[in-house]
Amino acid sequence: MSAPGGSAGTEPGAVVAGRAPRPARTRVARFLRARRIRARRTRGRRLRRALIALAVVFAAPAGAAVVAYRLTVIPEPHPETAMQSTVFVDSHGGYLGRRGPVDRQEVPLSQVPRHVQEAVIAAENRSFRTDSGVSPSAVVRAAWSTLSGGGRQGGSTITQQYVKNALLSPERSLSRKAREALIAVKLDRTRSKDEILAGYLNTVYFGRGAAGVQAAARNYFGVDAQDLSIGQGAALAAVVNIPSYYERAGSDAAVTAKLEHRWEWVLDAMADSGAITSAQRAAARFPAFRFYPPGATDGQRQYLIDVAAKEAAGRLGITQDELARGGYTVRTTFDLTAQDAASEQIAGLPPGKDTRLHTAVVALVPGDGAVRVLYGGADYARQPFNDAIAGAVEAGTALGPFAGTRLSAPLSGLPRAAAPTPYRLAAAYATAAARGSYARPYTVERITRAGRTLYAARPHTRTAMDPFSAVLVTKRMAAASGVLPAAFTGGAGTRTLWRTTYDDGLAVTAALFARCPARHGHTARTAQLPAGAGDLAVRVTTEVRDRLEQSSPGAAHTPVPASPAWGSGPVP
């Protein structure tokens, strides 16, 4: 008996009466068709979800970058970058030396010739004027180099280099590189290109110990940045790439040849960009470099810097330490040509066997007080004591021409001084040359910083000798020498020798004495002057006058006027 509905008891696999079997692929087709219908219905929703996901993927980093940019603060330059040195130059701008912890002097961009600026841009970052402060490709290369352990990668913009050199630490890491890029972008948006370029040129390292273009110009070519030629500027721009290597240019033939090739490349780029004309490109010549490493410096010049530094600090009302790190330029009154002439003459006298000859030379401008020569010793390292300024030299007959004259302050005590300093006696003779007008000696002509004059010297004069007495001194000297300019030689026996010569334009005083150095338990003691000391005094004073006349025509050898005051009457 069958079950109700005719299906009960049907064997598995049996065919139900009146129905055909349904193939499996039909069921699959219906399933796929249903899926397609469902997909068409949900396509818009899924597309929106995908776009939202992509937006989140891209927006998250962008948002993070925006937040990071807003939170980024442009730091102040680190202390090492802010440090500067003070440079001392002679009356013609010749380099004397420097003092300070870092060989760097800041100069405004207006004092850096345009062709020097363009040379650096051509060598380091040709898109500087138009870029946003970063180079994406350089950032990627640096990141890959850091991750892969590769070498240093270049290509940073000038803005990035400035940030790296002046505002950040030198560590190499992805975080520091990212921060560098953020600061560079913010710097580019908040500062002018000229401000950024000025900061870069004042801090980038050029080799030879020089940080900044001003120190580099002096160390490589012996000039100020504002005086750099097109060829010199292009050479400095070429050096920045590898300063520790190129700093030997001029003394290493291989380095010089390689730098010249890069120099040509910089000039070609400048010509292509229109920074220089084709005529200027053709006229450019590879410059001559100062020798490097430098030889032993003239130890005698340190005496000049000592005196000028003390005076400059006093004029500005600061300490000498503050002066040294203040970035000042101190133009002194000294004439290096005449100073070197004195050094050469003194070095030409053979040293004594058991004695040491001490020589002091002072050259002053009568009626003004400017000190042109101040020779205080041959070697500061061996003897920091300045014989010209502080040395007490036995006068003997050196004061003879002042006998019977009335002297007022600050010369009033001079006739009673048994051992005056050469500086003081030179000032007294300069007073006689100026008809009795005493001019306070000075060694600092001008002090500037960043192109601004902070101090300019003015003569300080007062009457210290009546005109008749001044004429009397001059007549006595002229009678003793028999020639003009007036000259007088005196001293204390064979122990000291003084020689002074002067006219209206210059007074030169030389003082010589000898000492037996302390040795074998014996203290230092006075010794007799060596043979030839008198001739040396004449040569030194004459050579100093001649050199000053050559370097500053009219500053020396001024003819003594034929006036009644200089008459030829009897000499008392």
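I will try to describe carefully the structure that is included in this document. These numbers come from a predicted model, not from an experiment.

Calculation rules
- Residues numbered from 1 in each chain as written.
- Predicted model: local features only at pLDDT ≥ 70, side-chain atom pairs only at ≥ 80, totals over all residues.
- Heavy atoms only, no water.
- Helix = DSSP H or I, 4+ residues; strand = E, 2+ residues; numbered from the N terminus.
- Buried < 20%, exposed > 50% of the residue type's maximum accessible area, 1.4 Å probe, protein only.
- Contact = heavy atoms within 4.5 Å.
- Areas by Shrake-Rupley, 256 points an atom, 1.4 Å probe, with all protein chains shown as cover.
- Pairing = 2+ DSSP bridges.
- Axes fitted to C-alpha atoms, helices over the stretch in contact; angles between N-to-C directions.
- Salt bridge = Lys/Arg side-chain N within 4 Å of Asp/Glu carboxyl O.
- Phe/Tyr/Trp six-rings, centres within 6.5 Å; stacked < 30°, edge-to-face > 60°.
- Lys NZ or Arg CZ within 6 Å of the ring centre and 35° of its normal.
- 1 Å grid on protein atoms, 1.4 Å probe; cavity = no way out; pocket = protein on both sides within 12 Å on 5 of 7 lines; lining within 4 Å.
- Points joined across faces, edges and corners; volume = space filled by probe spheres on them.
- Nonpolar A, V, L, I, M, F, W, Y, C, P; charged D, E, K, R; others polar.
- Expected span 1.5 Å × (residues − 1).
- Polar contact = N/O pair within 3.5 Å; in protein donor to acceptor, adjacent residues only side chain to side chain.
- Parallel < 35°, antiparallel > 145°, perpendicular 65-115°, else oblique.

Brief notes about the overall build of the protein
Helix and strand counts for the protein stand at 19 helices and 13 strands. When burial is assessed residue by residue, the protein has 45% of its 572 residues classed as buried. For the protein, contacts bridging at least 24 residues in sequence account for 68% of all contacts bridging at least 6. Accessible surface for the protein amounts to roughly 28800 Å². Of this, 55% is attributable to carbon and sulfur atoms.

Let's talk about the sheet that holds strand 7 (residues 444–449)
The sheet built from five strands is open, its strands ordered 2-1-3-7-8 with mixed pairing. With partners counted over all chains shown, the strands left at the sheet margins are strand 2 (95–99) and strand 8 (452–456), one partner each. Direction aside, neighbouring strands of the sheet carry axes that sit 20 degrees apart on average. The sheet contact formed by strand 1 (residues 86–89) and strand 2 spans four bridges and is antiparallel. Pairing of F88 across the sheet is with G97, part of strand 2. Seen against the sheet, helix 13 (residues 301–316) touches strand 1, strand 2, strand 3 (329–332), strand 7 and strand 8 and runs at an angle of roughly 60 degrees to strand 2.

What about the pattern of salt bridges?
This structure, assessed with the given rule, holds 20 salt bridges. One salt bridge connects E124 with R262, and the closest N-O pair in it is separated by 3.8 Å. In this pair, E124 sits in helix 3 (residues 114–124) while R262 sits in helix 11 (residues 253–273), placing the two residues 138 residues apart along the sequence. Accessibility assignment for this pair places E124 and R262 in one class, buried. One salt bridge in this structure joins R248 and D252, with 3.9 Å as the shortest N-O distance. The class for R248 is partly exposed, based on a relative accessible area of 32%. Overlapping salt bridges bring together R114, E118, R129 and D194 as one network.

Description of the packing of aromatic side chains
Scanning the model with the defined rule gives nine aromatic pairs in all. Between Y429 and Y502, the ring centres sit 6.2 Å apart and the planes meet at 45 degrees, which makes this aromatic pair tilted. Of this pair, Y429 sits in helix 17 (residues 422–433) while Y502 sits in strand 11 (residues 496–502), placing them 73 residues apart in sequence. Accessibility classification places Y429 together with Y502 in one group, the buried group. A network of ring pairs unites the aromatic residues Y220, F221, W263, F286 and F289 as a single cluster. When the ring centre of F128 is taken as reference, the NZ or CZ atom of K193 above it lies at 4.7 Å.

Side note on empty space enclosed by the protein
Enumeration over the complete set of coordinates arrives at four cavities of 30 Å³ or more. Within this model, the largest cavity holds a volume of roughly 50 Å³. Forming the boundary of the largest cavity are R315, R440, Y442, Y455, A457, R458, P459 and H460. Its residues placed into classes, the lining of the largest cavity shows four nonpolar, one polar and three charged.

Side note on helix 15 (residues 336–347)
In this model, helix 15 (twelve residues) spans 16 Å end to end at C-alpha, consistent with the 16 Å of a helix rising 1.5 Å per residue. Of all the residues in helix 15, the buried ones are L336, A338, Q339, A341, A342, S343 and I346. Where helix 15 is buried, its residues meet strand 2, helix 13, strand 4 (356–364), strand 5 (371–375) and helix 19 (533–551). Its side-chain oxygen 3.0 Å from the backbone nitrogen of T337, D335 forms the N-cap of helix 15.

A few points about unusual backbone geometry
Residue P410 is bonded to the preceding A409 through a cis peptide linkage, with omega at 5 degrees. Note that P410 resides in the loop between helix 16 (387–390) and helix 17. The phi dihedral of R208 falls on the positive side, at around 55 degrees, and the residue is not glycine. Mapped onto the elements of the fold, R208 is located in the loop between helix 7 (193–203) and helix 8 (213–221). Under the relative-accessibility criterion, R208 is labelled buried at 6%.

Brief notes about the packing of helix 8 against helix 9 (residues 230–239)
One way to put it is that helix 8 packs onto helix 9 with a least axis distance of 11 Å and a crossing angle of 110 degrees. The angle between helix 8 and helix 9 places the two elements in the roughly perpendicular class. Along its contact with helix 8, which presents V213, A216, A217, Y220 and F221, the element helix 9 presents Q232, A235, L236 and V239. For the contact of helix 8 with helix 9, a count of residues per class yields eight nonpolar, one polar and no charged.

Some words on the pairing of strand 1
Across the two faces of strand 1 the burial is the same, with T86 and F88 and V87 and V89 all buried. Between the end of strand 1 and the start of strand 2, which pair antiparallel, lie five residues, with G93 showing a positive phi angle near 90 degrees. Note: strand 1 against strand 3, three bridges, orientation parallel. Looking at the pairing, F88 lines up with V330 of strand 3.

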